[in-house]
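# Working through the structure, step by step
What follows is each chain in one-letter form.
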Amino acid sequence: EVGQYVEAMSGGTYVNSVVRDALGGGPTCHVAFLGGGEDANCLVSTLRPPRFLKSSEVLVGGKFEAIFSEDGLWYGCTVGSVEGEGMYHVTYDGYGNSEVVSIKHIRA
């Protein structure tokens, strides 16, 4: 389903992704890999449920990586605060930029 989070194979590793196009409901779909990388067509049968951190794993002051909204790439960050269910204020290490991101865009 378009907009659904999944894990798709990229370079021999499963990566959290978003389905961008169901390609007519056939055996393949088009996915965008979270945090960069080329979009790809994947066999639907090879997709699996995504793995996201649990809120209990994302601690204030903790060091993680998050997707920076301006370029869609992963950067090291520090969690500054919880901003609501599944949302965290992060500051990107070495850059000083900060923003609120979804737990779906944070990884250990």
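Below is a short write-up of the structure. All of these numbers come straight from a predicted model, not from anything done at the bench.

On to the packing of aromatic side chains, then. One pass over the full model with this rule turns up five aromatic pairs. On the numbers, 5.4 Å between centres and 75 degrees between planes, the contact of Y75 with Y95 is edge-to-face. Taken together, the residues Y75 in strand β6 (residues 74-82) and Y95 in the loop between β7 (87-92) and β8 (98-102) connect sequence positions 20 residues apart. The ring of Y14 is capped by R48, whose NZ or CZ atom sits 3.7 Å from the centre of that ring. Here R107 stacks its cationic end above the ring of W74, 4.1 Å away from the centre of that ring.

Across the sheet, five strands lie side by side as β8-β7-β6-β5-β9; this open sheet has antiparallel pairing. Taken across any chain shown, the strands that pair with only one partner, and hence form the sheet edges, are β8 and β9 (106-107). With five bridges connecting them, β6 and β7 associate as antiparallel partners. Counted as the bridge partner of V79 is V90 from β7.

This paragraph deals with the state of the cysteines. Under the defined criterion, the tally for this structure stands at zero disulfides. Of all cysteine sulfurs, the one in C29 lies closest to C42, which takes part in no disulfide; the gap is 5.9 Å. Take C42: its relative accessible area is 7%, and that puts it in the buried class.

Cut-offs used in this document
- Residues numbered from 1 in each chain as written.
- Predicted model: local features only at pLDDT ≥ 70, side-chain atom pairs only at ≥ 80, totals over all residues.
- Heavy atoms only, no water.
- Phe/Tyr/Trp six-rings, centres within 6.5 Å; stacked < 30°, edge-to-face > 60°.
- Helix = DSSP H or I, 4+ residues; strand = E, 2+ residues; numbered from the N terminus.
- Lys NZ or Arg CZ within 6 Å of the ring centre and 35° of its normal.
- Pairing = 2+ DSSP bridges.
- Disulfide = S-S within 2.5 Å.
- Buried < 20%, exposed > 50% of the residue type's maximum accessible area, 1.4 Å probe, protein only.

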